[in-house]
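Fold and contact review
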Amino acid sequence: MKKIKIVLVILSLSLLLSGCNNFRLANSIDDLISPISPSGDNAGVQNAVDEYCKSGYLIKIPSNGDYTTSFIFYDLDGDKQEEAIAFYEPSADRGTANLAVLKKTNSKWNVVESIKGDGSDVRSVDFCDVNNDGFSEILVCWSVISKSNSYKFNVYTQVEEKNSTSLKSICKPVSAGDFICTDINEDKVNEVVVFNIGSAAQSPTAELYSFADNSKKLLGKTKLDNTIISFEHITSGMTDEGMSIYADALKSDGNSMVTEFIYWSDYYDSIVSPFYSYDTGETYETTRNSILCCRDIDDDGFIEIPIDKSIDSLPTQITAQSWSVYENTVLKHKCYTYTCKRDSYSLMINDRDFSKLKVKYDSESRILSLISKEGNEECFSIITMIKSAYNPSEINLQGYTEILSNSGFVYLAKINKKADIQFTVDNLKTMIKPY
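Residues numbered from 1 in each chain as written. Predicted model: local features only at pLDDT ≥ 70, side-chain atom pairs only at ≥ 80, totals over all residues. Heavy atoms only, no water.

1. Structural notes on the state of the cysteines
Where two cysteines share a covalent bond between their sulfur atoms, that bond is called a disulfide. Defined as follows: Disulfides are defined as pairs of cysteine sulfur atoms found within 2.5 Å of each other. A run of H or I in DSSP counts as a helix once it spans at least four residues, and a run of E counts as a strand once it spans at least two, with each numbered from the N terminus. Exposure is judged per residue with a 1.4 Å probe applied to protein chains only, and the accessible area is read against the type maximum: over 50% gives exposed, under 20% gives buried, and values in between give partly exposed.
Counting across every chain of the model gives one disulfide. Covalently, C128 is tied to C181 through a disulfide, its sulfur atoms 2.1 Å apart. Classification of the bridge connecting C128 and C181 rests on its S-S torsion, roughly -55°, and on that basis the disulfide is left-handed. In this pair, C128 is assigned in strand β6 (residues 121-128) and C181 in strand β11 (residues 178-182), connecting sequence segments 53 residues apart. Overall, the relative accessible area of 9% leaves C128 in the buried class.

Here you go:
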């Protein structure tokens with residue numbers, strides 16, 4: 001009986017993980033304890049690295065960013081054929097991470113160039129044409145010290161010479177906590193904004209670099225909140241100021257976040273962070289207790305920043321936000337949300353209804369309910385179910401309708417059609433926002 005229980009637990013875990021690209025449902029206990037062999041191009045790339053590193057190697061996988069797989073496929077030269085990028089630690093040179101570029105010729109992958117990196121691990125990688133040659137450069141944040149929030153950033157470009165490809169770094173590495181590539185000054189050439197954590201003697205900063213002539217040039221610099229300890233998410237979008245950057249960062253108390261809003265100023269001929277106070281060294285206007293990142297919460301094509309909304313008698317698991325957009329030098333309110341961190345979703349409420357509703361949350365059942373203040377009637381409830389434990393035929397789920405399936409959760413809603421404030425299932429499908 002004990003063995004059966006163990007098997008059931010393992011199978012449940014495999015079901016939970018089946019929503020991720022890197023996992024699949026096991027067919028046997030041997031599958032559960034054996035690594036999955038690569039197939040297709042992944043297998044071809046691995047064979048090529050095997051042949052190139054005959055003395056042995058260890059694959060290094062980027063820990064953050066959009067590319068977090070063993071082998072990364074990207075069309076670097078614009079020929080509509082993807083190259084492969086692999087990071088690895090050679091057995092003959094422990095403690096170093098190398099970058100290899102592979103091409104596929106006549107159905108066979110080969111390492112065409114490899115270069116020693118600037119660290120022992122890889123924080124993140126991205127691709128962007130920064131020297132305006134029509135080809136994508138490889139942008140890498142290298143980890144040097146384990147569990148540090150400071151990294152080394154470098155840019156690598158490919159140089160074609162006769163029948164060979166040479167991979168070289170454009171510059172010496174730059175200290176960085178994170179980075180983003182975008183045309184922030186709108187000169188039709190991409191720049192890189194590098195974010196630094198700073199030190200005890202120096203505040204965190206954002207630095208704007210150009211690599212247009214295949215060399216590093218500092219175009220501008222601005223100070224950031226001096227309590228930042230790590231950058232969690234960085235994105236860009238158009239505002240009244242042109243292309244702007246939103247850098248969400250964790251503050252030193254570990255329980256609050258700040259968004260550093262940055263854009264290019266022709267007047268100052270530099271990037272600026274308008275909400276940073278040079279008197280206090282902090283950025284107050286975009287600081288919040290909710291650990292939420294900026295996003296286009298209302299799907300209008302513009303990025304909004306979540307700001308704390310003070311509500312009396314909120315359940316401890318629920319926080320409230322006023323999402324605001326940058327417009328005419330100020331933050332303008334767009335909409336409200338209630339957020340349940342435990343269940344990984346926010347519920348967007350329009351201004352008309354927000355003041356008329358109150359929220360309740362039952363931790364044991366994981367049910368969030370919105371209740372009308374005037375009639376004290378439950379308008380609807382949302383229950384969060386773990387996918388592996390979800391059984392639609394359960395009696396206590398009768399009357400509930402699935403409104404969202406995301407990652408390891410299923411979200412179900414029940415509508416009270418007699419409530420004085422009416423909602424529909426279709427309403428809730430647009431209101432619920434996973435994160």
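2. A few points about the pairing of β11
Stated formally: Think of it this way: DSSP has to see at least two bridges between two strands before they count as a pair.
Among the five residues in β11, five count as buried, and that is most of the element. Pairing analysis gives five bridges linking β11 to strand β12 (residues 191-196), with the strands arranged antiparallel. Bridge assignment links I180 to a residue of β12, and that residue is V193.

3. With respect to the sheet that holds strand β26 (residues 378-386)
Here is the rule: Angles run from 0 to 180 degrees between N-to-C directions of axes, and those axes are lines fitted to C-alpha atoms, restricted for helices to the stretch in contact.
Judged by pairing direction, the sheet is antiparallel, and its five strands sit side by side in the order β24-β25-β26-β28-β27 without closing on themselves. Across the chains shown, the open sheet's two edge strands, defined by having one partner strand only, are β24 (357-362) and β27 (401-406). Strand-to-strand twist of the sheet, defined as the mean angle between neighbouring strand axes without regard to direction, takes the value 20°. Relative to strand β28 (residues 409-415), β26 is paired through seven bridges, and the arrangement is antiparallel. In the sheet register, F380 faces β28, and the bridge partner there is I415.

4. Things to note about the side chain of T259
Applicable threshold: We call two N or O atoms a polar contact when they sit within 3.5 Å, provided that within protein one can donate a hydrogen and the other can accept it, with sequence-adjacent residues counted only if both atoms are side-chain atoms. Contact criterion: two residues are considered in contact whenever any of their non-hydrogen atoms come within 4.5 Å of each other.
Its location among the elements puts T259 in strand β17 (residues 257-265). Within polar-contact distance, the side chain of T259 engages the side chain of D248 at 2.6 Å. When residues no more than four places from it in sequence are discounted, the contact partners of T259 are Y246, A247, D248, T283, T286, R288, C294 and I305.

5. Considering the confidence of the model for the protein
To keep it simple, the criterion reads: A score from 0 to 100, pLDDT tells how confident the predictor is in each residue.
Looking at the protein as a whole, the pLDDT averages 90, with 91% of positions reaching at least 70. Counting contacts from residues 1-35, a segment whose pLDDT is below 50, to residues more than four positions away or on other chains yields 18 contacts.

6. Observations regarding the nonpolar core
The nonpolar side chains of a soluble globular protein tend to be buried, and buried together. Rule in force here: We define a nonpolar core as any set of buried Ala, Val, Leu, Ile, Met, Phe, Trp, Tyr and Cys residues linked to one another through side-chain atoms lying within 4.5 Å.
Within the largest apolar cluster, 28 residues are counted, with the highest numbers of intra-cluster contacts made by L347, L370 and F380. Among all residues touching L370, those that are not within four sequence positions of it are Y338, L347, I349, L357, K358, V359, E377, E378, C379 and F380. Grouped together as the second largest cluster of nonpolar side chains are 18 residues, F195, A206, I234 and W264 included.

7. Quick word on the sheet that holds β11
Overall, antiparallel pairing links the four strands, which are arranged β11-β12-β13-β14 in an open sheet. Each edge of the sheet is formed by a strand with only one pairing partner; in this case those strands are β11 and β14 (217-223). Across the sheet, the mean angle separating the axes of adjacent strands is 20° when strand polarity is ignored. In terms of strand pairing, strand β13 (residues 205-210) meets β14 through six bridges, oriented antiparallel. The residue of β14 that forms the bridge with Y209 is L218.

8. Observations regarding the pairing of β13
Of all six residues in β13, six are buried; the element is thus mostly enclosed. Residues T205, E207 and Y209 point to one face of β13 and A206, L208 and S210 to the other, with burial holding for every one of them. Hairpin connection of β13 to β14: six residues between the antiparallel strands, including N214 at a positive phi of 65°.

9. Observations regarding the side chain of D248
Looking at the element boundaries, D248 is found in strand β16 (residues 242-251). Residue D248 is classed as buried on the basis of its relative accessible area of 0%. Polar side-chain contacts of D248 include one of 3.0 Å to the side chain of R288. If near-sequence neighbours (up to four positions away) are discounted, D248 is found in contact with F231, E232, H233, M257, V258, T259, R288, C293 and C294.

10. Topic: the packing of aromatic side chains
Geometrically, a pair of aromatic rings is defined through the distance of the ring centres and the angle of the planes. Note the threshold: Planes of paired rings set the category: under 30 degrees apart is stacked, over 60 is edge-to-face and the rest tilted, where pairs are Phe, Tyr or Trp rings (Trp by its six-membered ring) whose centres lie within 6.5 Å.
Counted by the stated rule, this structure contains 23 aromatic pairs. Aromatic pair W142 and Y156: ring centres 6.3 Å apart, planes at 85°, arrangement edge-to-face. Residue W142 is located in strand β7 (residues 137-143), and its partner Y156 is located in strand β8 (residues 151-161); the two are separated by 14 residues in the primary sequence. Each of the two residues, W142 as well as Y156, counts as buried. Note on F195 and F231: the rings are 5.2 Å apart at their centroids and 55° apart in plane angle, and the pair reads as tilted. One end of the pair, F195, is in strand β12; the other, F231, is in strand β15 (residues 228-239), with 36 residues separating them in the sequence. Among the aromatic residues, those joined into a ring-pair cluster are Y246, F261, Y263, F275 and Y326.

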